Amino acid sequence: MATPLTGRPFSRLFVPTYNAIIGFFFLVATASYFYKLHFLKPKSSEKRPLLGGQAVKPATGFLLGYRKVRSVLLYQPPGRYLEPVGTMFVVLGYIALNVFYTFYNHPWETSAVLENRFGLVCVANLPIMFLLGSKTGLLVQWTGWSHEGYNILHRHAGRVVCLTALGHVITNAYRTPLREQLMSGPRIGVGGGLSILAFIIILVTSFAPARNKMYEVFLYAHVWFLVGGIIVLFFHYPRVRPYCTAASVIFLWDRINRFKNAHHVVATATLLSGNTVKLSLNVNSTFREIHWKTGQYVYVTINKLAAFQAHPFTIASPPNPNTLDLIIRARKGFSKTLFMSESLEHEVTFHGPYGSPPQYDGCSRVILLAGGAGISYTYPEAVELAKKHSGMDIDFLWVVPQRDFSSWVDLDEKYNVDFKLWVTSEQGRPNIDQYIKDSVKAAQGQKVAVGTCGPAPLVLAARNACSSLLWNGVDVEFYSENFGW
């Protein structure tokens with residue numbers, strides 16, 4: 001039987017191998033995005049079909065198998081808190097890796113080793129959690145992942161940190177009474193107790209029901225308890241200090257970049273139907289030039305309405321030298337306060353833009369689907385694509401509950417886009433699955449991409465329609481844009 005690994009021998013095995021596995025995963029994601037961005041674009045000398053897109057080869061053999069794998073990874077099972085299969089595969093792999101290292105070659109006759117394992121796994125994941133929570137880091141640019149994609153991984157990394165910290169305390173309490181722990185001195189007992197209290201508060205407020213019902217509470221708790229928890233954890237035990245330092249450097253780097261990317265502008269609020277506000281930021285009211293791409297997002301702060309709160313919103317206007325528009329549905333907290341405000345002019349601080357929007361070059365047809373405020377993504381994308389690619393067929397559908405929602409954006413024919421409006425109060429709910437399949441069929445074998453933004457049922461239907469097409473050998477790209485906390 002192998003000798004159980006404890007203390008420093010386990011640390012020397014765990015830390016380098018664990019970081020190597022995590023680093024390899026991000027390296028593969030970066031290489032995949034780089035290849036897709038630079039090598040899958042059609043070359044200028046390539047002969048194009050009459051429709052202006054890239055001809056799609058019939059799927060056979062290896063290509064068919066590859067598309068079936070993509071289909072499985074893209075598919076999302078129905079369920080409120082379920083993610084796409086590919087995302088769940090990554091998350092489960094990450095959790096399994098941490099479980100493996102926690103219990104690998106563990107001597108079950110003592111809880112002291114397990115206590116140390118929980119503590120080491122906890123602090124080793126701190127820099128990863130902060131890196132995934134960073135909105136300005138290099139990973140955002142290198143991997144091309146969406147805001148929501150990063151948030152999903154960040155949330156699970158945070159849960160691993162909090163749960164292993166809790167496991168560290170429980171196993172320590174099993175061996176040493178809690179009272180003795182607290183009396184062991186301010187560094188070990190009190191410092192450890194305060195840090196686990198901070199982590200528990202963060203964990204409880206981070207679950208979806210709590211986040212959705214009291215976002216402002218979650219936001220303040222998330223930031224301030226995390227900062228306080230890291231500080232007291234730093235003094236808890238000397239061997240955790242390198243990890244706390246690394247996490248702090250990432251956090252400060254992110255905040256410094258946010259400060260460098262901050263703009264102070266004057267914004268005008270326009271009340272729209274459906275309890276909605278269009279916030280038009282005057283980009284000429286700042287001395288710095290502001291440039292953005294369609295599909296990017298910014299973080300907005302209006303201190304007079306919600307001090308020190310930064311809320312993410314997709315930019316709802318195509319690039320232009322005058323105004324950056326945001327469409328904000330009034331729900332709770334900040335958005336409701338903005339909608340109810342008597343003032344229609346605000347001093348706004350925003351930082352960004354961020355995000356690596358998808359590239360639709362080489363597509364014959366792009367299907368853009370929006371539901372309600374999801375128009376923030378699809379509308380500027382459609383206008384910009386029509387402007388840059390005259391031969392591209394843009395299939396645009398906007399699903400709204402009432403017809404007067406059409407006043408949110410300019411649907412004029414001058415943009416050379418066939419803006420189709422689907423009013424559910426008059427037409428019922430659309431069959432998104434059939435709509436996408438009919439549109440792909442009409443492309444007559446040319447390369448098609450689907451971009452969607454809106455309520456979860458619409459995104460789910462669009463995603464699984466593309467999954468079904470891939471399973472049958474049809475090459476289709478899928479991209480969804482949505483914000484979760």
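Once a new chain begins, its residue numbering starts again from 1 and follows that chain's sequence as written. Reporting in this predicted model follows two pLDDT cut-offs: at least 70 for local features of residues, and 80 or more for side-chain atom pairs to be given and counted; totals over whole chains, interfaces and linings ignore these cut-offs and use all residues. Values shown for side chains rest on all heavy atoms present in the structure; no hydrogens or waters enter the calculation.

### A word on the overall build of the chain
Here comes step 1: Here a helix means four or more residues in a row that DSSP labels H or I, a strand means two or more in a row labelled E, and each is numbered from the N terminus. Looking only at helices and strands, the chain has 17 helices and eleven strands in total.
Here comes step 2: For each residue, the accessible area found with a 1.4 Å probe, counting protein chains only, is set against the maximum for its type, and the residue is called buried under 20%, exposed over 50%, and partly exposed in between. Buried positions account for 49% of the 485 residues belonging to the chain.
Here comes step 3: Every residue pair with non-hydrogen atoms within 4.5 Å of one another is taken to be in contact. When contacts within the chain are restricted to residue pairs at least 6 apart in sequence, those whose partners lie at least 24 apart make up 72%.
Here comes step 4: Each accessible area is a Shrake-Rupley estimate made with a 1.4 Å probe; only the visible protein chains count as cover when residues are assessed. Put simply, the chain shows about 24,500 Å² of open surface, and 63% of that area lies on carbon and sulfur atoms.

### Re unusual backbone geometry
Here comes step 1: The omega torsion of the bond from glycine 352 to proline 353 falls at 5°, within 30 degrees of zero and hence cis.
Here comes step 2: For proline 353, the location among the structural elements is in strand 6 (residues 345-354).
Here comes step 3: If you check the backbone angles, phenylalanine 308 has positive phi at about 65° while not being a glycine.
Here comes step 4: By the secondary structure assignment, phenylalanine 308 is in the loop between strand 3 (297-301) and strand 4 (311-314).
Here comes step 5: For phenylalanine 308, a relative accessible area of 71% gives the class exposed.
Here comes step 6: Its identity is not glycine, yet asparagine 416 carries a phi of approximately 60°, on the positive side.
Here comes step 7: By the element assignment, asparagine 416 lies in the loop between strand 8 (393-400) and strand 9 (419-423).
Here comes step 8: By relative accessible area, which is 66% here, asparagine 416 ends up exposed.

### Description of the sheet that holds strand 10 (residues 448-453)
Remark on secondary structure: sheet strands pair via backbone hydrogen bonds, oriented parallel or antiparallel.
Here comes step 1: Across the sheet, which stays open at both edges, the five strands sit in the order 9-8-7-10-11 with parallel pairing between neighbours. Edge positions in the open sheet fall to strand 9 and strand 11 (476-480), since each of these has one partner strand only. Between one strand and the next, the sheet's axes are offset by a mean angle of 15°, whatever the strand orientation.
Here comes step 2: Note that strand 7 (residues 365-371) and strand 8 share seven bridges and pair parallel. Looking at the pairing, leucine 368 lines up with phenylalanine 396 of strand 8.
Here comes step 3: Contacts between helix 14 (residues 375-388) and the sheet are confined to strand 7, strand 8, strand 9, strand 10 and strand 11, with strand 8 contributing the most and set at about 160° to the helix.
Here comes step 4: Only the stretch in contact is used when a helix axis is fitted, and all axes are lines through C-alpha atoms; the angle between N-to-C directions ranges over 0 to 180 degrees. Contacts from helix 17 (residues 456-471) reach strand 7, strand 8, strand 10 and strand 11 within the one sheet, and its direction differs from that of strand 11 by about 160°. Two strands qualify as a pair provided DSSP detects at least 2 bridges between them.

### Comments concerning helix 5 (residues 126-133)
Each α-helix winds once per 3.6 residues, and so residues spaced three or four apart point in a common direction.
Here comes step 1: With respect to burial, helix 5 is a largely interior element, seven of its eight residues being buried.
Here comes step 2: Residues of helix 5 that are buried include every one of Leu126, Pro127, Ile128, Met129, Phe130, Leu132 and Gly133, and no others.

### Topic: the environment of leucine 203
Here comes step 1: Inspection of the secondary structure assignment puts leucine 203 in helix 9 (residues 186-206).
Here comes step 2: Linking leucine 203 and leucine 163, residues 40 residues apart in sequence, is a C-alpha distance of 8.4 Å.
Here comes step 3: Ignoring anything within four residues of it in the chain, the contact list for leucine 203 reads Arg159, Cys162 and Leu163.

### So, the confidence of the model for the chain
When pLDDT drops low, the exact placement of atoms in the prediction is not to be read closely.
Here comes step 1: You can read pLDDT as the predictor saying how much it trusts each residue, on a scale of 0 to 100. In the predicted model, the chain carries a mean pLDDT of 85, and 89% of its residues have values of at least 70.
Here comes step 2: Here residues 42-54 is modelled with pLDDT under 50, and outside its nearest four sequence neighbours on either side it reaches 23 contacts, counting other chains as well.

### Details of the sheet that holds strand 2 (residues 276-282)
Here comes step 1: Ordered in space as 4-3-6-1-2-5, the six strands form an open sheet in which the pairing is antiparallel. Since the sheet does not close on itself, it has two edges, and those belong to strand 4 and strand 5 (323-329), each with one partner. For this sheet, the mean inter-axis angle between neighbouring strands, taken without regard to orientation, is 40°.
Here comes step 2: Where strand 3 meets strand 4, four bridges bridge the pair, whose relative direction is antiparallel. Bridge pairing in strand 4 links tyrosine 297 to threonine 314.

### Re the packing of helix 16 (residues 432-442) against helix 17
Each pair of packed helices can be described by the angle between their axes along with the distance between the axes.
Here comes step 1: Put simply, helix 16 and helix 17 touch, their axes get as near as 8 Å, and they point 45° apart. With respect to each other, helix 16 and helix 17 are oriented oblique. In this structure, helix 16 crosses over helix 17, and the sense of that crossing is right-handed. Listed contacts from helix 17 to Ile432, Asp433, Ile436, Lys437 and Val440 of helix 16 are Leu458, Ala461, Ala462, Ala465, Ser468 and Leu469.
Here comes step 2: Grouping the constituent residues of the contact of helix 16 with helix 17 by class yields eight nonpolar, one polar and two charged. Orientation is classified from the angle alone, with under 35 degrees giving roughly parallel, over 145 giving roughly antiparallel, 65 to 115 giving roughly perpendicular, and any other angle giving oblique. With the far helix as reference, a near helix turned anticlockwise by less than a right angle produces a left-handed crossing, and one turned clockwise produces a right-handed crossing. Three categories are distinguished: nonpolar for Ala, Val, Leu, Ile, Met, Phe, Trp, Tyr, Cys and Pro, charged for Asp, Glu, Lys and Arg, and polar for the others, with Gly belonging to the last.

### Quick look at the nonpolar core
Here comes step 1: Here, the term nonpolar core denotes a set of buried Ala, Val, Leu, Ile, Met, Phe, Trp, Tyr and Cys residues that are joined through side-chain atoms within 4.5 Å. Phe14, Tyr18, Leu126, Phe130 and Phe199 are the most contacted members of the largest nonpolar core, which has 42 residues in total.
Here comes step 2: Looking at which element gives the most residues to this core, the answer is helix 7 (residues 147-175), with eight residues.
Here comes step 3: Setting aside its immediate chain neighbours within four residues, phenylalanine 199 contacts Val161, Cys162, Ala165, Leu226 and Leu233.
Here comes step 4: In terms of nonpolar packing, the next biggest core, distinct from the first, is built from 29 residues, Ala316, Leu368, Phe396 and Val409 among them.

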